Amino acid sequence: MHDIKFIRENSKLFDKGMEGRGIRPCSEEILFIDNIVRENKSKIQDLQHERNEVAKQMSFIDHKDEKFEILKERGYEIKHKIHILEEQKNEAQEKLNNFLISLPNLLEEGVPYGEKEEDNQIIRKFGEPRHFDFTVRSHYDIGESLGLMDFETATKISGSRFVILRKDFVRLERALATFMLDVHVREFGFEEVSTPALVLEETMFKAGQLPKFEEDSFKTTNGYRLIPTSEIPLVCMAADEIIAESELPRRYTAYTQCFRSEAGSAGRDTKGMIRQHQFSKVELISIVKPEESVNELERITNAAEAILQKLELPYRVALLCTQDTGFCSQKTYDLEVWLPYEKRYREISSCSNCGEFQARRMKARYKSLKDGKNYFVHTLNGSGLAVGRTMIAIIENYQNEDGSISIPKELQPFMQNQKIIKKEK
């Protein structure tokens, strides 16, 4: 949500920021509507003042006096005018609010200009892709041949873009989630939280998912939404709160099932587990003071990177360009893991600083110790990591010629020291 005061005082800067997002200059239209709201408010205040004066005069006049009836009639006229102006003001205010909530966050200075993924800036890399002396297979080919990944049965039960995992792959998924949570809690100080998977539409709006991403989530018949990420319930834990400064920063992590309709992705990643309607993910959320959010983005990104480093999976970090940065974010790093079968890096985590954009929507503030005033917090989020895509990366990077999969050393203690996943005889 944007601050209308900022737009009034920085209209050219606002237009320049929207232009970077690929959006035409719109401050003039916004301020035109805003002016209608302000003018009507001013007129209403003047009329309310006049109404009070009329009421005051009437209190000193006898009810039978002719002047009393004139003032009474004037009171009715004022009431009618106020009613009309209130309707006009409310209509303009609703139009202004709808306009503002349709616009993405302004970007941080230094975000590279660009229109597509190829314009993202590679910041750093970790590890070198493994050289295989045999033909590399896909994660779904390996998974099906081991009898541990079942797309056919899942399709029979639920339709396309679902999978059933069995035996060692279920254990691997569980081990990954536990490992990730342990690292984030013990090494980075995040508080583990278990959240609902169903949220109110109001909660989706507060987190910036609605109305922009209306088609991307599943809606129940009684108005709930299935969460596309636990960012939504985690960040909204601060909604409508005034937090004591001493309680910041707040850092949360959660492992949840996530649900996405994948609207607009027809024909993309139809094979395997890359793009599913249901998937599991460990999420990271930080709620901080404004002056801390720049450094917190680096911290939350480092926490996500730590998982990939410990698993010894080759990856790179990309700073997203202006038009590839998400709706709520003012700056985003994507972590992209190397997938040998595709011979390319694929996104496994996005870490974003949303500034006060979400906080304005959900009215999340903190009380400053310095001056006692209330200020909007800054919110940040990051995947730490998408568990399914991490499984894909392990299956493909740790595959062996005989079709088995070596288990990364860091995960072995979470799988009763098992070192390899192979086909049962």
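Numbers given for residues are sequential positions, taken from 1 along each chain in its written order. Two thresholds apply to this predicted model, a pLDDT of at least 70 for residue-level local features and 80 or more for giving and counting side-chain atom pairs, whereas whole-chain, interface and lining totals are computed over all residues. Only hydrogens and water are set aside when side-chain values are computed; all heavy atoms of the structure are taken into account.

### Some thoughts on the pattern of salt bridges
The line we're drawing: Within this document, salt bridges are pairs made up of a side-chain nitrogen of Lys or Arg and a carboxyl oxygen of Asp or Glu, the two lying within 4 Å of each other. Secondary structure is summarised from DSSP: a helix means a run of H or I of at least four residues, a strand means a run of E of at least two, and numbering begins at the N terminus for each. Any residue under 20% of the maximum accessible area for its type is buried, any over 50% is exposed, and the rest in between are partly exposed; the area is computed with a 1.4 Å probe on protein chains only.
A full pass over the atoms with the stated rule returns 32 salt bridges. A salt bridge links E77 to R74, with the shortest nitrogen-to-oxygen separation between them at 3.1 Å. Placement of both E77 and R74 in helix α4 (residues 66–101) is noted, with a separation of 3 residues, approximately one turn of the helix. Look at E77 and you get partly exposed, because its relative accessible area is 37%.

### Describing the sheet that holds strand β15 (residues 378–386)
We apply this condition: Two strands make a pair as long as DSSP finds a minimum of two bridges between them. Should any heavy atoms of two residues lie within 4.5 Å, those residues are considered in contact. Interaxial angle, 0 to 180 degrees, is taken between N-to-C directions of lines fitted to C-alpha atoms, where a helix line uses only the stretch in contact.
Read across the open sheet, the 8 strands follow the order β1-β10-β11-β12-β15-β9-β8-β4; overall the sheet is mixed. If you trace the sheet from one side to the other, it starts and ends with β1 (121–126) and β4 (191–192), each paired once. Of the strand pairs in this sheet, strand β12 (residues 344–353) and β15 are connected by 3 bridges, and their pairing is antiparallel. The residue of β15 that forms the bridge with C351 is G382. Here helix α10 (residues 293–310) sits on the sheet in contact with β1, β8 (250–259), β9 (278–288), β10 (315–319), β11 (331–339), β12 and β15, set at roughly 5° to β15. Here helix α12 (residues 387–397) sits on the sheet in contact with β8, β9, β11, β12 and β15, set at roughly 40° to β15.

### Description of the sheet that holds strand β13 (residues 365–367)
Strand order in the open sheet made by the 3 strands is β7-β13-β14, with mixed pairing throughout. Either end of the sheet is taken by a strand with one partner, and the two such strands are β7 (242–244) and β14 (374–376). With direction set aside, neighbouring strand axes in the sheet form an average angle of 40°. Bridge count for β13 against β14 is 3 bridges, and the pairing is antiparallel. Among the inter-strand pairings, R365 is bridged to a residue of β14, identified as F376.

### Description of the pairing of β11
Counting buried positions over the 9 residues of β11 gives 9, a clear majority of the element. In terms of strand pairing, β11 meets β12 through 9 bridges, oriented antiparallel. Considered in β12, the bridge of L339 is made with R344. From the end of β11 to the start of β12, which pair antiparallel, there are 4 residues, and K343 there has a positive phi angle of about 55°.

### Considerations on the packing of aromatic side chains
We count it as follows: A pair of Phe, Tyr and Trp rings is counted when the ring centres sit within 6.5 Å of each other, with Trp represented by its six-membered ring. The angle between the planes then sorts it: under 30 degrees is stacked, over 60 is edge-to-face, the rest tilted.
One pass over the full model with this rule turns up 8 aromatic pairs. Centre to centre, the rings of F179 and F414 are 5.9 Å apart; their planes meet at 65°, and the pair counts as edge-to-face. Taken as a pair, F179 in helix α7 (residues 167–186) and F414 in the loop between β16 (405–406) and β17 (420–421) lie far apart in primary sequence, 235 residues in all. Taking the relative accessible area as the measure of exposure, F179 reaches 2% and is therefore buried. You can call F414 partly exposed: its relative accessible area is 28%. Judged by centre distance (6.1 Å) and plane angle (35°), the ring pair of Y366 and Y375 falls under tilted. A residue is classified by how much of its surface remains accessible, and Y366, at 6% relative accessible area, is buried. A residue is classified by how much of its surface remains accessible, and Y375, at 34% relative accessible area, is partly exposed. Put simply, the rings of F213, F327 and F357 pair up and form one aromatic cluster.

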